[in-house]
Amino acid sequence: MVESLDSARDLDSPGERQRRLEAIRPRLLAFARLQLRDASEADDVVQEALITAFEKNADFAGRSGYETWVFGILKNKILDALRAQKRRGKWQPWDDDGVEAAVERQFQATGRWQNIARPRSWGDPEDTLTSERFWQVFDSCMIALPDNIARIFTMRELMGLSTRQICEEAGIKENNCWVILHRGRLLLRACLEKGWLAEADS
Amino acid sequence: MKMVMCREATRLMSKRLDSPLGIQEKMTLKFHLAMCGACKQCNKQFQLMHEAGRALESQATIPSSDTDDGTDDTP
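Residues numbered from 1 in each chain as written. Chains lettered and ligands numbered in written order. Predicted model: local features only at pLDDT ≥ 70, side-chain atom pairs only at ≥ 80, totals over all residues. Heavy atoms only, no water.

## Side note on the overall build of chain B
Inference 1: In terms of regular secondary structure, chain B is built from 3 helices and 0 strands.
Inference 2: Beginning at the N terminus, the succession of helices and strands in chain B can be written as α-α-α.
Inference 3: Counting all 75 residues of chain B, 44% fall into the buried class.
Inference 4: When the accessible surface of chain B is totalled, it reaches about 4400 Å², and 57% of it is carbon and sulfur. (Helix = DSSP H or I, 4+ residues; strand = E, 2+ residues; numbered from the N terminus. Buried < 20%, exposed > 50% of the residue type's maximum accessible area, 1.4 Å probe, protein only. Areas by Shrake-Rupley, 256 points an atom, 1.4 Å probe, with all protein chains shown as cover.)

This is the structure we're talking about:
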């Protein structure tokens, strides 16, 4: 049984805990970087999460996998870091930055897709999500998204917060949140398709 | 039932991932998707992006047997 691997007993040994934490560290870092968009802040939160996980080992009840539990700790640390970013004024005011225009360029005046922007098939979703190459494209497309939009998008789609929670954190109306997510998805979709299909065609 | 164009249909398929749609909205979207292949693709891609977070997390939480994946950060 898989669960028996994650019983608290096996993690009694500090050496074993350390090994498991070191093993997931790169993935935690990649996740934190996507969300915080700042490599040194991401390093800090991952470090804090790993220390917390190591020290609070007794809190791990074995109900979920060990790595899932560590991930939960990281998400809380990321949320704290986001709040700190906001307090420091690092969140720019909501200016449009040509985002609306970029979205509009995908559509004709009638509201139909422009021919060059028409979504094409990405192939099997399972294959896509398990492809290393897809995640490289995903990474670079996330970096290309404007900060404001990326922040809301990752809170929703990576951290799994509800739009209501996001509104509270970001201090915006829910309606505004839906507009931002809609634009973010359209921009990210276009970028992913370009990168992903370019690779597949070559 | 309201007929909508692709732009509005993408708004509904995005909103649906964040909040339940009303009956009118559901019908409108369903009808559009039945007729529009490009939007059907778009809808699949929005859903895939919606699953990306969970996919990232499960990649991280399923211990990999491959220990040398090029992310070794020892100097």
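## Some words on the interface of chain B and chain A
Inference 1: Contacts between chain B and chain A engage 31 residues on the former and 43 residues on the latter.
Inference 2: Regarding the contact of chain B and chain A, the summed buried area is about 3400 Å², with carbon and sulfur atoms giving 63% of it.
Inference 3: At the junction of chain B with chain A, the criterion picks out 3 salt bridges.
Inference 4: Note that B:Asp18 is salt-bridged to A:Arg156, the shortest N-O span being 2.6 Å.
Inference 5: Contributing elements (two or more residues each) for the side of chain B that touches chain A: helix H1 (6–15) and helix H3 (37–61) of chain B.
Inference 6: Ranked by residues supplied to the side of chain B that touches chain A, first place goes to H3(B) with 18 residues.
Inference 7: Taken together, the residues of the side of chain B that touches chain A sort by class into 14 nonpolar, 10 polar and 7 charged. (Contact = heavy atoms within 4.5 Å. Buried area = accessible area lost by both parts, 1.4 Å probe. Salt bridge = Lys/Arg side-chain N within 4 Å of Asp/Glu carboxyl O. Nonpolar A, V, L, I, M, F, W, Y, C, P; charged D, E, K, R; others polar.)

## Let's talk about the pattern of salt bridges
Residues and elements named next belong to chain A.
Inference 1: Summed over all chains, the structure comprises 17 salt bridges over all chains.
Inference 2: Close ionic contact of glutamate 16 with arginine 19 constitutes a salt bridge, the shortest N to O distance being 3.4 Å. On the criterion of helical spacing, the pair formed by glutamate 16 and arginine 19 is a turn pair, its members being 3 residues apart in helix H2 (residues 14–36).
Inference 3: Here glutamate 67 makes a salt bridge to arginine 20, at a shortest N to O gap of 2.8 Å. Of this pair, glutamate 67 sits in helix H4 (residues 66–87) while arginine 20 is found in helix H2, placing the two residues 47 residues apart along the sequence. The residues glutamate 67 and arginine 20 share a single accessibility class, namely buried.
Inference 4: Connected through shared salt-bridge partners, Glu16, Arg19, Arg20 and Glu67 make up one network.

## Details of helix H9 (residues 163–170) of chain A
Residue and element names in this part refer to chain A.
Inference 1: Buried within H9 we find Thr163, Ile166, Cys167, Glu169 and Ala170. In a view along the axis of H9, the buried residues occupy a sector of 165°, so they form one face of it. Exposed and oriented more than 90 degrees from the buried face of H9 are Arg164 and Glu168. (Arc of directions from axis to C-beta.)

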